[in-house]
Amino acid sequence: MTLNIAIMIPFFAAAVIALLMKHVKNNRIGWFVLIIPVTLFLFLFRYLPEVARGETFHSTLYWIPSYGIQFTAYLDGLSMIFGLLITGMGALVVLYSIYYLSPEESMKHFYVYLLLFMGAMLGVVFSDNLMVLYVFWELTSISSFLLIAFWFHRKKSREGALKSLLITVTGGFAMLAGFLMLYVMTGTMRIREIIENIGAYTDHSLFLPAMLLILLSAFTKSAQFPFHIWLPDAMEAPTPVSAYLHSATMVKAGIYLVARFTPVFGGERLWFWLVTGVGLLTLFWGSFQAVRQTDLKALLAYSTVSQLGMIMAMFGLGSAALKLGYSTETLLYTQATFAALFHLINHAMFKGSLFMVVGIIDHEAGTRDIRRLGGLMSLLPITFTIALIGSFSMAGLPPFNGFLSKEMFLGAMVQITSLDIFSLGTWGKLLPVVAWIASVFTFIYSMILVMKTFLGVPKESLPKKNVHEPKTGMLIPPAILGVMVIATFFVPNVLGDYLLRPAMAGIFPGFPADLLGTRIHFWHGITPELLMTLGIILFGALMYYTMPYWKGVYRLFPEEASFNTLYNVALGQLEDTSKKATRLYMTGYLKDYLVYIFIAFLLLAGGTLFITDAYRFHVSGGAYISVYEWIIALVMAVAALSILFAKSRLTAIILNSVVGYAIAVLFVLFRAPDLALTQLVIETVTTVLFLVSYYFLPEWQKEAAPKRTKRFNALISIMTGALFVVIALAVQNGRLFASISSYFENAYELTGGKNIVNTILGDFRAFDTMLEVVVLLIAGIGVFTFIKTGRKKGDEQA
């Protein structure tokens, strides 16, 4: 199995489920789907020893080689981390979903969407081609939209899905523009080639714009401030979706993008401060907002925003190593990147388990409202244990893996302030302060999750009184993650040797091994970061127990002044404005639309002819017009004019078809039998459709339009007809460019086709033809849907 095939397996499996499992019971589809991520995880795992030794693997399928677009899959240490997260977490989430989702749900759709997302994420992290990466990037946005809106009957699910789609797809468009700029600069679509040769293009005028656009796409996907607003609303998705997309995979796509393009932009001052600054701001704001939440999933959503900001900030700090090169100070920066990769894995473990725990609480207690919860420790002892492990790891306490990566994060923040690069000697002093304050709030919301949910006595307001542990199958995935959280604390260097250092080699190509991270220890003596951790625990505990006295500070940040409100107001204003603008020209009358079209044509085409002085023509060199052609032209003119005076639809249809059939006769006279045949078929079908459609319409009554309107319409018609004639004559005498017909004359050599018209449609204009077919397919699906569903008695009138 090649890497390309591995990426496509989830898509093939999704097609199998959609087409062949219509009659399979819902509770059995999940077991088939579980095979896919497990197989892919084992497939990637077998490459682990070679990747740990620094080897890379790639495979290529040629897609559009003439434009340099190949489907090249590339496996190195960095993509290995994300690939194992996608498949490993995917397997646990699928197992969890089998027991979490009700058999009454549309499981077929759920697993199709989930597999589409899994394949898209694998495509993102393994693609070595800019355009292929972009295609998969947008597929993650579309498939996540479908997953978030899975419970589409809920208004909040639809709104959350729409918000995530609008924000992430907007970032995707920015990515596309940035990638195109990179291609213009470097002349290649291959990411590895860009990394190898980027030193020659850092002074290019497109370098900084490309950097900003790529960062924008990374910030939107990874929910960085102020684009974080989509993530809390996405919590309306089923809990398995939240555990998969919003803890381990989709939100890490932006992190991956920053890591992958650090060798391209990492030595730049702007990249350093944008990634570090936005990351720290997101870290603080997410942790600060998490404390005020009363819904457990909302709390986890803002905590995810905060943790993503922390990882992003560490990648920003580490990027400065590319500015210093192989110096003694470089290790301080590369350690920040090492910590970012370490915490990225740790976060997937503890946050994935916590999302599943919250799902169990919601499933068993019937609510996620913290104000209605309490005393669940005695009712859900296993769930409580897993929640305790995940929460304390998130808070950065030993003996859990979050403690190790959080200590490395704080250590990097402290040490980097001593260096004088990128103005760190001044502004850099703020970095550890912001990190410490944000960590205090992280400790507080971690305690809220444990204390207010599980301790105390059970609340009388619980919707479900008979609360008990769920089925074993629902406990196994979070329990596995909980065990891994503890195991990583005691044997962290297994990750360091097999995953972290190989990934560092992908981010800092060519760096010596001694600069790509050190051994991980849980005790370094009395260090500044340890003292900061003790201060976090003491001050965090004090603030937790005194929350009633200071929580009023959140009144300074009312919901009415939030970014969510700004988004909702802006979207509402956009909808209102578009409705008003639409009502101005959507009158419901075809005659009005024709007037708009013809006026636009007169202004644009006529104006272009006038500006370019291309309307001049002479007819002395024209071809001889035979008497038969004059007769056909006269018949067409009489038929067209007669339509204006027709008193019935049938007469108008017949006269219109006379014009069409006369055009077919002209094609015969001009020795174009294939065009004549096409025109005859189209005219016949059109006439029949007109007759069938008009049979169901009421009796035709001509509208008595005012004389002024008639004169205006007549003027527009005459001017439009005259302009068409002028264009037809001018193109023969005032050509601005050389004719392309000579190119099409070589159709047989270029395409192997002997019919020029067919080769133009099937080869030269293949994309245009394909899109036309897609439009017809979409229209056909719509018509089929209306016919299939029909309007039932009592349905709301349109």
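Residues numbered from 1 in each chain as written. Predicted model: local features only at pLDDT ≥ 70, side-chain atom pairs only at ≥ 80, totals over all residues. Heavy atoms only, no water.

**Quick word on the overall build of the chain**
Next up, step 1: Scanning the chain from N- to C-terminus turns up 33 helices and two strands.
Next up, step 2: For the chain, the spread of C-alpha atoms along the principal axes amounts to about 105 × 65 × 50 Å.
Next up, step 3: Counting all 798 residues of the chain, 48% fall into the buried class.
Next up, step 4: Counted over contacts in the chain with a minimum sequence separation of 6, partners at least 24 positions apart contribute 80%.
Next up, step 5: Of the roughly 39200 Å² of accessible surface on the chain, 68% is carried by carbon and sulfur atoms. (Helix = DSSP H or I, 4+ residues; strand = E, 2+ residues; numbered from the N terminus. Buried < 20%, exposed > 50% of the residue type's maximum accessible area, 1.4 Å probe, protein only. Contact = heavy atoms within 4.5 Å. Areas by Shrake-Rupley, 256 points an atom, 1.4 Å probe, with all protein chains shown as cover.)

**Looking at unusual backbone geometry**
Next up, step 1: With an omega dihedral of 0 degrees, the bond running from Phe225 to Pro226 counts as a cis peptide bond.
Next up, step 2: Residue position: Pro226 is located in the loop between helix 9 (207–221) and helix 10 (230–233).
Next up, step 3: In this chain, Pro398 is followed by Pro399 through a cis amide linkage whose omega measures 5 degrees.
Next up, step 4: Here Pro399 lies in the loop between helix 17 (381–395) and helix 18 (401–416).
Next up, step 5: One non-glycine residue with positive phi stands out, namely Ala223, at about 55 degrees.
Next up, step 6: Among the residues examined, Ala223 registers a relative accessible area of 0% and is labelled buried.
Next up, step 7: Of note in the backbone geometry, Arg671 takes a positive phi value of approximately 60 degrees without being a glycine.
Next up, step 8: Along the chain, the position of Arg671 falls in the loop between helix 27 (649–669) and helix 28 (673–695).
Next up, step 9: We classify Arg671 as exposed; its relative accessible area is 73%.

**What to know about the environment of Ser102**
Next up, step 1: Position of Ser102 relative to the elements: it lies in the loop between helix 4 (77–100) and helix 5 (107–126).
Next up, step 2: With relative accessibility at 30%, the residue Ser102 sits in the partly exposed group.
Next up, step 3: Sequence separation between Ser102 and Lys155 is 53 residues, and the spatial gap between their C-alpha atoms is 20 Å.

**A word on the pairing of strand 1 (residues 57–64)**
Next up, step 1: Bridge analysis of strand 1 against strand 2 (residues 69–75) gives seven bridges, and the strand direction is antiparallel. Along strand 2, the bridge assignment pairs Phe57 with Leu75.
Next up, step 2: Between strand 1 and strand 2, which pair antiparallel one after the other, the connecting turn spans four residues, and Gly68 there sits at a positive phi close to 75 degrees. (Pairing = 2+ DSSP bridges.)

**Digging into the nonpolar core**
Next up, step 1: Tyr111, Phe179, Leu182, Phe261 and Ile444 are the most contacted members of the largest nonpolar core, which totals 217 residues.
Next up, step 2: Of all the elements, helix 16 (residues 330–365) adds the most residues to this core, at 20 residues.
Next up, step 3: With near-sequence residues (within four places) excluded, Phe261 lies in contact with Leu130, Phe179, Leu182, Ile191, Ile214, Gly266 and Trp271.
Next up, step 4: Core analysis: the next-biggest nonpolar cluster, separate from the first, contains six residues, Ile632, Ala639, Val659 and Ala662 among them. (Core = buried A, V, L, I, M, F, W, Y, C linked by side-chain atoms within 4.5 Å.)

**Some details on the pairing of strand 2**
Next up, step 1: Burial within strand 2 is extensive, with seven of its seven residues counted as buried.
Next up, step 2: Of the two faces of strand 2, the one lined by Ile69, Phe71, Ala73 and Leu75 and the one lined by Gln70, Thr72 and Tyr74 are each fully buried.

**Some words on the side chain of Ser657**
Next up, step 1: Structurally, the position occupied by Ser657 is in helix 27.
Next up, step 2: By relative accessible area, which is 8% here, Ser657 ends up buried.
Next up, step 3: Those residues within four positions of Ser657 in sequence are excluded, and the remaining contacts are Glu683 and Thr687.

**Notes on the packing of aromatic side chains**
Next up, step 1: All chains considered together, the criterion is met by 36 aromatic pairs.
Next up, step 2: Ring geometry for Phe265 against Trp271: centres 5.4 Å apart, planes inclined by 25 degrees, an arrangement best described as stacked.
Next up, step 3: Exposure remark for Trp271: the relative accessible area of 0% places this residue in the buried category.
Next up, step 4: Note on Tyr544 and Tyr545: the rings are 5.1 Å apart at their centroids and 80 degrees apart in plane angle, and the pair reads as edge-to-face.
Next up, step 5: Looking at Tyr545, the relative accessible area reads 62%, which means it is exposed.
Next up, step 6: What links up through ring pairs into an aromatic cluster is the set Phe225, Phe284, Trp285, Phe288, Phe441, Trp550, Tyr554, Phe557 and Phe563.
Next up, step 7: The residue whose ring lies beneath Arg46 is Tyr47, and the NZ or CZ to ring-centre distance is 4.6 Å. (Phe/Tyr/Trp six-rings, centres within 6.5 Å; stacked < 30°, edge-to-face > 60°. Lys NZ or Arg CZ within 6 Å of the ring centre and 35° of its normal.)

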